[in-house]
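Listed here are the chains, written in short residue letters.
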Amino acid sequence: MKSLHIQQCQYLFIGDRLDEYYTIEDLKVRGWTETIIRDHLGKPDKEHPDEKSLLRKPIGFYARERVHEAEQGAAIDDLSKIREGRELAKRALRLKKQR
């Protein structure tokens with residue numbers, strides 16, 4: 001699945017494959033938060049200004065290999081806790097609606 005930002009930046013990396021990178025939006029879909037991204041990945045591997053944004057804020061691109069390694073390491077604990085918390089919140093909401 002390519003994110004909208006990757007589709008917008010097709011010309012971005014000459015010699016690089018865009019499908020080898022995740023954007024922050026891609027990572028959030030995978031369950032990452034801004035805090036986990038900052039703590040476990042740090043700065044993006046590549047950046048490019050967002051041509052569609054008025055501020056041209058740079059889009060960060062994180063190498064998939066590095067993301068996958070982090071998901072197998074310490075980041076997996078943080079991601080698991082977030083997923084568990086989300087599941088508990090969903091379950092509590094369902095119970096509340098049943099009452």
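Rules and cut-offs
- Residue positions are counted from 1 within each chain, in the order its sequence is given.
- Totals for whole chains, interfaces and linings use every residue, but because this is a predicted model, local features are given only for residues with pLDDT of at least 70 and side-chain atom pairs only at 80 or more, for both listing and counting.
- In computing side-chain values, all of the structure's heavy atoms are included and hydrogens and water are not.
- Of the two site types, the cavity is a set of points on a 1 Å grid over the protein atoms alone where a 1.4 Å probe fits but cannot get out, and the pocket is an open set with protein on both sides within 12 Å along at least five of seven lines, each lined by residues with an atom within 4 Å of a point.
- Grid points are joined across faces, edges and corners, and a volume is the space filled by probe spheres set on the points.
- Numbering of helices and strands runs from the N terminus, with a helix taken as a DSSP run of H or I at least four residues long and a strand as a DSSP run of E at least two residues long.
- Three classes are used, and their members are as follows: Ala, Val, Leu, Ile, Met, Phe, Trp, Tyr, Cys and Pro are nonpolar, Asp, Glu, Lys and Arg are charged, and the others, Gly among them, are polar.
- Here the rule is simple: two strands pair whenever DSSP picks up at least two bridges between them.
- In this description, a line fitted to the C-alpha atoms serves as the axis of each element, helices being fitted only across the stretch in contact, and the angle between N-to-C directions of two axes falls anywhere from 0 to 180 degrees.
- Only buried residues count toward a nonpolar core. Its members are Ala, Val, Leu, Ile, Met, Phe, Trp, Tyr and Cys residues joined through side-chain atoms within 4.5 Å.
- Three labels apply to residues, based on accessible area from a 1.4 Å probe with only protein chains included: buried if under 20% of the type maximum, exposed if over 50%, partly exposed otherwise in between.
- What makes two residues a contact is simply this: any of their non-hydrogen atoms within 4.5 Å.
- Here, a salt bridge means any Lys or Arg side-chain nitrogen found within 4 Å of an Asp or Glu carboxyl oxygen.

Draft legend 1. Representation of the layout of surface pockets within the structure. The space that makes up the largest pocket amounts to roughly 240 Å³. In this structure, the largest pocket is lined by 11 residues; those nearest its centre are Ile-24, Lys-57, Pro-58, Ile-59 and Gly-60. Among the secondary structure elements, those contributing two or more residues to the lining of the largest pocket are helix 2 (24-29) and strand 3 (58-63). Considering every element that reaches the lining of the largest pocket, the biggest residue donor is strand 3, with 3 residues. By residue class, the composition of the lining of the largest pocket is 4 nonpolar, 2 polar and 5 charged.

Draft legend 2. Structural view of the sheet that holds strand 1 (residues 21-23). Reading across from one edge, 1-3-2 is the order of the 3 strands in this open sheet, with antiparallel pairing throughout. Strands with a single pairing partner mark the edges of an open sheet, and in this sheet they are strand 1 and strand 2 (46-49). Direction aside, neighbouring strands of the sheet carry axes that sit 35° apart on average. Examined bridge by bridge, strand 2 and strand 3 share 4 bridges and lie antiparallel to one another. Bridge pairing links Pro-49 to Pro-58 in strand 3.

Draft legend 3. Inspection of the nonpolar core at higher detail. Ranked by size, the top nonpolar core spans 10 residues in total: Tyr-22, Leu-27, Trp-32, Ile-36, Ile-37, Leu-41, Tyr-62, Val-67, Ala-70 and Leu-79. Mapped onto this core, the elements with two or more residues apiece are helix 3 (34-40) and helix 4 (64-72). Discounting residues that sit within four places of it in the chain, Leu-41 has contacts with Leu-27, Trp-32, Ile-36, Tyr-62, Arg-66, Val-67 and Ala-70.

Draft legend 4. Examining the pattern of salt bridges more closely. Within this structure, the stated rule accounts for 4 salt bridges. Lys-28 is the partner of Glu-34 in a salt bridge, and the nearest nitrogen-oxygen pair spans 2.9 Å. Overall, the relative accessible area of 39% leaves Lys-28 in the partly exposed class. Close ionic contact of Glu-71 with Arg-30 constitutes a salt bridge, the shortest N to O distance being 2.6 Å. Here Glu-71, found in helix 4, pairs with Arg-30, found in the loop between helix 2 and helix 3; they are 41 residues apart in sequence, far enough to count as distant. Classification of Glu-71 as buried rests on a relative accessible area of 10%. Of the residues examined, Arg-30 reaches a relative accessible area of 29% and is grouped as partly exposed.

Everything listed is a geometric property; what it means functionally is a separate question.
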